[in-house]
Amino acid sequence: MAGLDFTGLPTYGKGGSVHVVVESPRGSTVKLKFEPKLGAFTVARPLVLGLRYPYDWGFIPGTRGPDGDPLDALVRWDVSSYPGVVLPCRAVGLLKVEQRAKGGGRERNDRLLCVPVAAPRDEQILRLQDVSRRELDEIAHFFLAVVALANKDAEVLGWEGAKAAGALVAESRRP
C-alpha cells in the first residue's frame, strides 16, 4: 500500500504562505527523510552525538533545489510537531550554504528559515532582522555541525532576507 506523496502537495497555501512538510521534528536526534517511492518517512542518519534539531525541519513541496531534492526549511517556533505535518509558513530568511555535490564539484543547498502563520508567540517575526544575530549564528553553526562527519564539506555563505527566500521558492518550483 503506497502512502501519500508529500512532495506533490501544493507549494503555496492561503495568503501566499509556503507549505513546509515536517520530516524531523524539533528535538529529534535523527534526520528523517520522506521517500516518495515508499510513501513513507525513513531514517537518513543519526545526528552527531549531542545534537538535536532546534526547530522542526522539513521541505517545501513542489520544489526542487540544485541538489535535486525539495528545498529545505527550518520552522522556527516554540513547539514541535510530527513527521508529515504540513505547516503554512512565512519564509523570513535564507541561509546560503554550499557543499560537496554527490557527483563531484560544489553545489548550493540553501535552507529557508520560516515561521508558521499560526504561531501567535512569534507573530512579531516578519523578517530576518526580527531574529537575533546570536540565534542566526547558532542556526548556521548547527547546520555545519550536523554534517561535520557526513563528508559534505559544507560552507555557510551568509544570510539573506524574506525577498530572497521567496524568490528561491518561486524559481525552484517544479513544472
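Residues numbered from 1 in each chain as written. Predicted model: local features only at pLDDT ≥ 70, side-chain atom pairs only at ≥ 80, totals over all residues. Heavy atoms only, no water.

Chemist: Would you mind going over the environment of A91 with me for this structure?
Modeler: Within the secondary structure, A91 sits in strand β6 (residues 86-100). Sequence separation between A91 and G103 is twelve residues; the distance between their C-alpha atoms is 30 Å. (Helix = DSSP H or I, 4+ residues; strand = E, 2+ residues; numbered from the N terminus.)

Chemist: What am I meant to see in the state of the cysteines here?
Modeler: Here a disulfide denotes one covalent bond, and it connects the sulfur atoms of two cysteines. Throughout the structure, instances matching the rule amount to zero disulfides. Left without a disulfide partner, C89 is nearest to the cysteine sulfur of C114, which lies 5.1 Å away. (Disulfide = S-S within 2.5 Å.)

Chemist: What's the story with the packing of aromatic side chains in this structure? I'm lost.
Modeler: For any pair of aromatic rings, geometry is given as the distance between the ring centres together with the angle between the planes. Counted under the stated rule, the structure contains eight aromatic pairs. An aromatic cluster of three or more residues is present, and its members are F6, F34, F41 and F59. The side chain of R111 reaches across the aromatic face of F143, ending 4.9 Å from its centre. (Phe/Tyr/Trp six-rings, centres within 6.5 Å; stacked < 30°, edge-to-face > 60°. Lys NZ or Arg CZ within 6 Å of the ring centre and 35° of its normal.)

Chemist: For this particular structure, what's the right way to read the side chain of E23?
Modeler: Note that E23 resides in strand β1 (residues 18-24). The side chain of E23 sits in the buried core without any salt bridge; K31 is the nearest counter-charge, 5.1 Å away. Within the structure, E23 has its side chain in polar contact with the backbone nitrogen of F34 (distance 2.8 Å). Look past the residues within four positions of E23 in its chain and what remains in contact with it is L32, K33, F34, F41, W57, G58, F59 and P83. (Buried < 20%, exposed > 50% of the residue type's maximum accessible area, 1.4 Å probe, protein only. Lys, Arg positive; Asp, Glu negative; His and termini not counted. Salt bridge = Lys/Arg side-chain N within 4 Å of Asp/Glu carboxyl O. Polar contact = N/O pair within 3.5 Å; in protein donor to acceptor, adjacent residues only side chain to side chain. Contact = heavy atoms within 4.5 Å.)

Chemist: What am I meant to see in the pattern of salt bridges here?
Modeler: Any two side chains of opposite charge can pair if their charged atoms end up close together. Under the defined criterion, the tally for this structure stands at twelve salt bridges. D78 serves as the salt-bridge partner of R121, at 2.3 Å between the closest nitrogen and oxygen. Of this pair, R121 sits in the loop between β8 (111-116) and α1 (133-146) while D78 sits in the loop between β5 (71-75) and β6, and the two are 43 residues apart along the sequence. Close ionic contact of D110 with R108 constitutes a salt bridge, the shortest N to O distance being 2.9 Å. Residue D110 is classed as buried on the basis of its relative accessible area of 9%.

Chemist: Looking at this structure, how should I read the pairing of β8?
Modeler: Of all six residues in β8, six are buried; the element is thus mostly enclosed. Burial of β8 is two-sided: the residues R111, L113 and V115 facing one way and the residues L112, C114 and P116 facing the other way are all buried. In terms of strand pairing, β5 meets β8 through four bridges, oriented parallel. For L74, the partnering residue across the bridge sits in β8 and is L113. (Pairing = 2+ DSSP bridges.)

Chemist: How do you make sense of unusual backbone geometry when you look at a structure like this?
Modeler: Its identity is not glycine, yet N151 carries a phi of approximately 55°, on the positive side. Positionally, N151 belongs in the loop between α1 and β9 (155-161). Phi at D153 is positive, roughly 50°, even though this residue is not glycine. By the secondary structure assignment, D153 is in the loop between α1 and β9.

Chemist: What is the right way to look at the nonpolar core in this model?
Modeler: Core analysis: the largest hydrophobic core is formed by 40 residues, its most contacted members being I60, L112, L113, C114 and W159. Secondary-structure elements contributing two or more residues to this core are β1, β4 (56-60), β5, β6, β8, α1 and α2 (162-171). Broken down by element, this core gets its largest block of residues, seven residues, from β6. For I60, the contacting residues outside a window of four places in its chain are T11, V18, H19, V20, P70, L71, A73, L112 and V169. (Core = buried A, V, L, I, M, F, W, Y, C linked by side-chain atoms within 4.5 Å.)

Chemist: Quick question: what am I supposed to make of the environment of A140 here?
Modeler: Take A140: it is sitting in helix α1. Considering only alpha carbons, one finds A140 and V156, 16 residues apart in sequence, at a separation of 6.9 Å. Apart from residues no more than four positions distant in its own chain, A140 is found in contact with L95, V156 and W159.

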